[in-house]
Structures are given as C-alpha cells and as structure tokens.
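Secondary and tertiary structure notes
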Amino acid sequence: MTAKNSAGESSKSFTLDVTATAPIVTPPELTLERARFIIKQGSPFQTSYSLTGSEPITVTVKAAGPDGGAVGGFTVNTAAHTIKASAELSPAVYTVTVTAKNSAGESSKSFDLIVEAAPQLTPPKLEAREDDYSFSMSRTFDFSEQLFASGSEPLFWSLEPISSRMIVPAEAGIDDTGLLSISKDIPMGNYRFKVRVENSAGFDTKEIALEVKARIIIPKIGGLSTDSGPEIVRLTAVQPRTAAPLTTTPQIVQPGAESYYSAQMRCMSFFLTEVQLSRPLGSAGLFTGYSGTAMLNISGAPIPVSIIGASVEKAGSGAGQDKMTGGTVYITEPLESKDIGLTIVSLNISPAENKAEVSGYIKNPQSDLNVLGDRYAIQFKDAELRPGNIIIRRGVPTIRHEQFTIRDIQELWINISKDADWDLFTLVGGSVEMKSHLETLDNKSLRFKPFSVSFDRQGRMNADLSTDGEQALRLIVPGGAALRVEDAFLAIRNGVVQSNSYLLGKLVLPFEKA
C-alpha cells in the first residue's frame, strides 16, 4: 500500500492468509420402531432404526437380562440400519440399548424384547377304536363317523391312499374336526385308505377298511312313502295324532297269528303310542315275539319306530298300563330335528337289557356357525337316551370358548326337548381354564374346580366357577412380577360376567416377597 503527495511518498505491505471455513458437526439422533417387542422362543428377531447426524457415526448395541447382567446374541448392521437377535434366546425380558455416537455427541434409546416360552407341543395320536377303523355302510344313506385324536391343537386331518392302486374314493372326505363323511353315491365294494392327523410336532395314521353294500329297499311303514327313495323324517314335522280311547285288544286275525293294539304302552321310561303288533304261532305251538310299528315320544313330538321280538306285560289295572319288557325298538331311517340341527342315525331301546342308546350328530342350524365353542359338530355313538335328553360319556372333546378351555368332560348332555327354558348343552365334570387378559410369561391360565357349565341355543355360556386353592401367574410386564390369586368366583349368565364375580389376590413385584 502506497501513500504519495508533493513532498514525497510512503509504502507499507501486509500478508492476508485465507483458510477454509470450519465444518459444523451435528450430533446423532436415534429413533427406534417401538419400545417393546414380543416373540416366541426359537423365533428370529429383527427390527430397524432411523438415524440422523454427521458421519462418521458408530452404532453399538448392548442387552441386559432380568438380573441386569450382559447378554450376547444381539448384533447391529449399520449399513442396513437393523438390529438382530439370536433365535437361541431363553424365555425372559431383555432390555436392549442402542447407542449412536460421533464427535459432536451421542444418542441412546432402549427397547424391551420379551421372549415367551414356546408351547410344549404333543404329537397327535389317533384314538383306539373297538371297530379298529373298519366301517360298513349301505348306499341307502350318506355315511359319517366322528374320529378323535389327542395332541396339541390345531390338528389337521386328511385322507391318504395306501398305494397308487388303492386310492381314496372321490366320495370320501374328512373335515377339520375329524368328521369322516362318505356319500351314498359311492360304488359298492371294499375300500382301504388311510386317515392322517398331524400338527407341527408330528403325525399319526390309521388304515381305514370300508365295506359298501347295496342300497336297502325300505318298505312303507306307518304312512311313510319311499317312492322317491329313503326320506329323512323330521321330528318337528310329525304331529301327534288324536289318540283312540286307551284299550288293549288282542285279537286273532288269522289262524295261527295274534294281533295286538294299544293306544299307549310303557317301554322303560318312554311311552309308545299307536302300537300295532302281531306275532305268529311257532312250530312248537308257542307264540314268538311281537313285531310291528308304533310312535315313540322322546322330545315332545312322536316319531315313527319299528319293534321286533317284543314281549308285553299286560296290566290288569286298566287300559294303557301295559309294559314292553323285551325286544327292541329301533328306527329304519335317520331322523332329523332341524330346529336344533340334530340328526339321529340309529336308535336302540332294549328293555330286557335296560338299554336306550342313540348314535348321530348335532350341528348348528346355521351352517356357517359352530354348534358349541370351537366345535363345528358334536358326534355321538351309542350315547344314552332319556326322555328329552341325550347323554354322551365317551369321546367328549375339549371345548374352547372365548378365553375358556374346558377339558376332561365326563358327561355332555344335549337337551332335545321343546322346553326353551333349558340350555341346549350341559357339560358335567372335568376342569375349566381361563386365559388371563394379562400376558403371562409361561402362557398359564387360571384353573377352576370341577364344574357344571351350560350353553344356550345361541352359544352363550352359563356357569358358576370358583378356584381351588392359591395360584400364581407370572406376568410379562412388569418383568419378574406375578399375580397371586387367593380366591376367585365367576358367575356368567347368557355369556355376561355378573357383578357378584370377584378375584382376590395380590400383584407381587420382583423386589417383594410372595
């Protein structure tokens, strides 16, 4: 720089150094997807995170178990912004801390990973049967048979060929409840194929032997027409006829044969009406058993039945008091009660053996709904028949309804009477478990005493349930806590828990003594 005038000049110089602007470093900011995750034992885990801030940024992950000790098995992928956990983690609550750091600072966020115990699965086992899975049917009616298996649910049922030459007939099928169904359109012959039931723990198979016989021609009985083939007789469609005066009039209709008519006759705890029987004279000069037809009242409306080999004890006290003491009452074709979805395929009342049994099944009249809890159909074989009730004691399945599981049921009563004041199903004996609305570490349920519980025709539950002794449920949140239940009572009416229900207990935190 120079300054100059008439008297002279002056010059001075300086140096100017220009440097780059210092960079602005932004500290990292870490964001996680959620604060809590739940997985099953043995399942892999992965979650992602988002990150802002000036690079370079280092990201680390640390995990601690319920006791606060460090746990391995967690890794971070900084390129993909993901955090993974090993599938070998034991059931517990893990606190996972993710830290992002650069020269300007750091950001740490944590989440809980809850590893629930994997359920102990039991492989399925098909029920042993007296018939050893050998079935016989005629081409008169469709055939169905309920098959049962133990094992952890869900169970998956299927039919398989034995070989390339012994295939499953197209007319045979099995649904997801184990109900084997075979159409009457199947050709006559002998068939062999396998039934298979499986779950994620394993499978079981049995060989089915099926004999298909020719169509049975059913004669006209009690006014029933078979012109168009065998028909289904509906319990609600057969109306009681006007009964004649109660009389018992044996009469000879032809040499060597005797006819019997009674407007009413007792058979065990049932009443037969419009009884029309006859018996021939045997070769030894003795009468054989009566055979014929009658109407039987089992559910408020009489149904047509056949009688064979009957013996009659004639009362001297007056008309209508005779009693059938021997022989068999049976049906010649299936009976259907559409109002409750009941189908009876066989009936056997034998007073000499004090036996009254039925076989069949019940489904919801609305075909898209289950009939009882998680069960689409309930099938029964040789169940006890009483006036107005069917009692199933063998092969009663486990019932799941909402958060309740009902198992080891001793008796299942089906109300087939027309009395709407009684529930459709009554379950006797066994045990009830209720899954808690709170998440439990070992997936345990609250257990109740042996019970009597019923379901109405709308599928609503009615019950009085109480616990038996103190129980403890280990909770997932807060980690290490437990719900100790000293006493509980549930009153359920029409599917609604009543106000007099209660639960007495205590929430035990990890640092407290139980």
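These remarks concern the structure in this document. The shown structure was predicted, so the numbers you read here are calculated from the model rather than taken from an experiment. (Residues numbered from 1 in each chain as written. Predicted model: local features only at pLDDT ≥ 70, side-chain atom pairs only at ≥ 80, totals over all residues. Heavy atoms only, no water.)

Looking at the overall build of the protein chain
Helices and strands together make up the secondary structure of the protein chain, namely zero helices and 44 strands. A buried classification covers 39% of the 514 residues belonging to the protein chain. Partitioning the intrachain contacts of the protein chain with sequence separation of at least 6 by distance along the chain shows that 52% fall at a separation of at least 24. When the accessible area of the protein chain is evaluated, it comes to approximately 28100 Å², of which 51% is carbon and sulfur surface. (Helix = DSSP H or I, 4+ residues; strand = E, 2+ residues; numbered from the N terminus. Buried < 20%, exposed > 50% of the residue type's maximum accessible area, 1.4 Å probe, protein only. Contact = heavy atoms within 4.5 Å. Areas by Shrake-Rupley, 256 points an atom, 1.4 Å probe, with all protein chains shown as cover.)

A closer look at the sheet that holds strand β5 (residues 45-52)
Spatial strand order, β3-β5-β9-β8: four strands in an open sheet with antiparallel pairing. Since the sheet does not close on itself, it has two edges, and those belong to β3 (29-32) and β8 (74-77), each with one partner. This sheet shows a mean twist of 25° between the axes of neighbouring strands, independent of strand direction. In terms of strand pairing, β3 meets β5 through four bridges, oriented antiparallel. Paired with T31 across the two strands is S50, which belongs to β5. (Pairing = 2+ DSSP bridges. Axes fitted to C-alpha atoms, helices over the stretch in contact; angles between N-to-C directions.)

Considering the pattern of salt bridges
Applying the stated criterion across every chain, the model contains 20 salt bridges. E130 is paired through a salt bridge with R394; the nearest N and O atoms lie 4.0 Å apart. Separated by 264 residues along the polypeptide, E130 in the loop between β12 (125-126) and β13 (134-138) and R394 in the loop between β32 (389-392) and β33 (399-401) bring together distant segments of the chain. Residue classification places E130 among the exposed positions, given a relative accessible area of 78%. For R196, the salt bridge identified is with E160, shortest N-O distance 3.6 Å. One end of the pair, R196, is in strand β19 (residues 189-199); the other, E160, is in strand β16 (residues 156-161), with 36 residues separating them in the sequence. (Salt bridge = Lys/Arg side-chain N within 4 Å of Asp/Glu carboxyl O.)

Some words on empty space enclosed by the protein
The tally for this structure, following the rule as stated, stands at two cavities of 30 Å³ or more. Each pocket or cavity is described by its volume, and for the second largest cavity that value is around 40 Å³. The dominant element in the lining of the second largest cavity, judged by the number of residues it contributes, is strand β31 (residues 377-386), at three residues. Residue composition of the lining of the second largest cavity, by class: four nonpolar, three polar and one charged. (1 Å grid on protein atoms, 1.4 Å probe; cavity = no way out; pocket = protein on both sides within 12 Å on 5 of 7 lines; lining within 4 Å. Points joined across faces, edges and corners; volume = space filled by probe spheres on them. Nonpolar A, V, L, I, M, F, W, Y, C, P; charged D, E, K, R; others polar.)

Thoughts on the environment of I162
Position of I162 relative to the elements: it lies in the loop between β16 and β17 (172-174). Between the alpha carbons of I162 and R192 there is a distance of 7.1 Å; along the sequence they are 30 residues apart. The contact partners of I162, leaving out residues within four places of it in the chain, are R192, F193, K194 and E207.

Remarks on the pairing of strand β11 (residues 105-116)
Along any regular strand, the residues point their side chains to alternate faces of the sheet. Note that strand β4 (residues 36-40) and β11 share five bridges and pair parallel. Along β11, the bridge assignment pairs F37 with L113. By the bridge criterion, eleven bridges tie strand β10 (residues 92-102) to β11 in an arrangement that is antiparallel. Counted as the bridge partner of K101 is E106 from β11. In this structure, the hairpin formed by β10 and β11 is closed by a connection of two residues.

Spatial relationships are all this shows, so hold off on functional conclusions.
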